[in-house]
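Chains, contacts and geometry: an overview
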Amino acid sequence: MPPLSPQQVLLEVSACGVCRTDLHVLDGELANARYPVTPGHEIVGRVLAVGGPGVPFKLGERVGVPWLGFTCGECRYCKLKLENLCERAGFTGCTLDGGYAEHAVADARYCFAIPKRYDDEHAAPLLCAGLIGYRAYRAAGDGENLGLYGFGAAAHLLAQLARAQGRRVFAFTRRGDDAAQRFARELGAVWAGDSESAPPEELDAAILFAPIGALVPAALAATRKGGRVVCAGIHMSDIPSFPYRLLWGERTVTSVANLTRADGLEFMRVAADVDLAPAIECFALADANDALARLRGGELRGAAVLTMRGRAKTAA
Ligand SMILES: [Zn+2]
Ligand SMILES: [Zn+2]
């Protein structure tokens, strides 16, 4: 148990979501990751101890810990209220120890209260898939036809939100992934198909969750003039060259990086109002590698969640 600084809380972890970013950490694809590190940045836990009187959470209170774990408050980005781009940011489960653990330490200034309607396991995916997904959703603008490339943890939550807000979702999956396409239709997508195929209508915007650069020109080709293509992942394979006509017509390609605390507060308000139903598959902490392998293989329906109460399948 590390000693706490005055802003920190010690948490008993009850659940931690498994995110694609964890695979990038595992595979050494993120330049700033610190090794060894405890992965996991969708932590739900209860406060066991506080480092000082300024911490706004009480003992026993449930809190969520997201990807953004620290910012400097002094760099040009922090001063511009773009703390998601902070030069000296700390990231949970990447440069700071995360939640694949029974206990975790977090800076309370970056933790969130979680809406009561979600239990611990269902709340975990909200903390990255939901929250950074929501930042991408806002960046996509408010057009009616929204394309989601890669129908995993983030997209299945956004599809529910988009539908609740009267938008039309077009879901793109790996070629022939009938299960994911059926899942998307069950969640209200008006169309679901392979990521290389053209949707039946032009998109107003597209969000890319799949880490595949070739999807950028594919999404541009499916998007109307003036539309936006938002890359929401932290890592992507190289984007192939493509004809300028795909970008012409004031189409925009942009990325979404990390989150701000304001995003988190706004998303938690949205999640308190809209009854999101995270589809989860729970794994014991000792089975974390199983969960990661299933995520890598595209075998999950929704999100994988490690539950510290669960009994391991593989442990003796
Ligand atoms: Zn994540
Ligand atoms: Zn900063």
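Right, let's walk through the structure included here. What you see is a predicted model, and the numbers here were worked out from it, not measured in a lab. (Residues numbered from 1 in each chain as written. Chains lettered and ligands numbered in written order. Predicted model: local features only at pLDDT ≥ 70, side-chain atom pairs only at ≥ 80, totals over all residues. Heavy atoms only, no water.)

Looking now at the nonpolar core. Leu148, Phe151, Ile207 and Leu276 are the most contacted members of the largest nonpolar core, which totals 64 residues. Elements represented by at least two residues in this core include exactly helix H4 (129-139), strand S7 (145-149), helix H5 (153-164), strand S8 (168-173), helix H6 (178-186), strand S10 (203-208) and helix H8 (261-273). With seven residues, the single largest contributor to this core is H5. If we skip the residues at most four places from it in the chain, Ile207 touches Ala136, Tyr137, Ala140, Leu146, Gly147, Leu148, Tyr149, Leu158, Val230 and Ala232. Of all hydrophobic cores here, the second largest spans 26 residues; its members include Val47, Phe57, Val63 and Val65. (Core = buried A, V, L, I, M, F, W, Y, C linked by side-chain atoms within 4.5 Å. Buried < 20%, exposed > 50% of the residue type's maximum accessible area, 1.4 Å probe, protein only. Helix = DSSP H or I, 4+ residues; strand = E, 2+ residues; numbered from the N terminus. Contact = heavy atoms within 4.5 Å.)

Now for the layout of surface pockets. Here the second largest pocket defines a volume of roughly 360 Å³. In this structure, the second largest pocket is lined by 24 residues; those nearest its centre are Gln8, Leu96, Asp97, Val105 and Ala106. The set of elements that each furnish at least two residues to the lining of the second largest pocket consists of strand S1 (8-18), strand S4 (68-70) and strand S6 (103-107). Its residues placed into classes, the lining of the second largest pocket shows twelve nonpolar, eight polar and four charged. (1 Å grid on protein atoms, 1.4 Å probe; cavity = no way out; pocket = protein on both sides within 12 Å on 5 of 7 lines; lining within 4 Å. Points joined across faces, edges and corners; volume = space filled by probe spheres on them. Nonpolar A, V, L, I, M, F, W, Y, C, P; charged D, E, K, R; others polar.)

Here we come to the coordination of the zinc ion (ligand 1). Every protein donor of the zinc ion (ligand 1) is listed here as Cys19 (SG), His41 (NE2) and Cys128 (SG), and their distances to the metal cover 2.0 to 2.2 Å. Along the chain, the residues donating to the zinc ion (ligand 1) fall in the pattern C-x21-H-x86-C. One end of the pair, Cys19, is in the loop between S1 and helix H1 (20-26); the other, His41, is in the loop between H1 and strand S2 (43-50), and 22 residues separate them in sequence. Pair check on accessibility: Cys19 and His41 agree, each one buried. (Donors = N, O, S within 2.8 Å, 3.2 Å for Na, K, Ca; no water.)

Only Cys72 (SG), Cys75 (SG), Cys78 (SG) and Cys86 (SG) from the protein coordinate the zinc ion (ligand 2), and they sit 2.3 to 2.4 Å from it. Geometry at the zinc ion (ligand 2) is tetrahedral, judged from its four donor atoms and the angles of 104 to 117° they form at the metal. For the zinc ion (ligand 2), the single-chain donor residues occur in sequence as C-x2-C-x2-C-x7-C. By the burial criterion, Cys78 is buried, and Cys86 matches it. (Tetrahedral: all angles 85-135°; square planar, octahedral: opposite > 155°, others 65-115°.)

With that settled, consider the pattern of salt bridges. One pass over the structure, following the stated rule, counts 17 salt bridges. Of the charged contacts in the structure, one is a salt bridge between Glu201 and Arg168, with a shortest N-O distance of 2.7 Å. Placement of the pair is Glu201 in the loop between strand S9 (191-194) and S10 and Arg168 in strand S8, with a sequence separation of 33 residues. Through salt bridges with shared partners, one network takes in Arg46, Arg62, Asp120, Glu121 and Arg309. (Salt bridge = Lys/Arg side-chain N within 4 Å of Asp/Glu carboxyl O.)

Pairing analysis gives five bridges linking strand S13 (residues 280-284) to strand S14 (residues 303-307), with the strands arranged parallel. Within S14, the position partnered with Cys282 by the bridge is Val305. (Pairing = 2+ DSSP bridges.)

This part takes up unusual backbone geometry. With an omega dihedral of -5°, the bond running from Tyr35 to Pro36 counts as a cis peptide bond. Its place among the elements puts Pro36 in the loop between H1 and S2. Not every positive phi belongs to a glycine, and Lys81 is a case in point at roughly 65°. Its location among the elements puts Lys81 in the loop between helix H2 (76-79) and strand S5 (90-91). Looking at Lys81, the relative accessible area reads 73%, which means it is exposed.

Attention now moves to H4. In terms of burial, H4 is a largely internal element, nine of the eleven residues being buried. Against S7, H5, S10, strand S11 (223-231) and H8 lie the buried residues of H4. The first or second residue beyond H4 is Gly141, which carries a positive phi of 85°.

The next point concerns a nonpolar patch on the surface. Residues Ile239, Phe242, Tyr244, Leu247, Trp248 and Val253 make up a contiguous nonpolar surface patch of about 590 Å² in total accessible area. In this structure, Ile239 sits in the loop between S11 and strand S12 (252-255). Its relative accessible area of 43% is what places Ile239 among the partly exposed residues. (Patch = residues over 30% accessible without salt bridge, like charges linked within 9 Å, V, L, I, M, F, W, Y side chains within 5 Å. Areas by Shrake-Rupley, 256 points an atom, 1.4 Å probe, with all protein chains shown as cover.)

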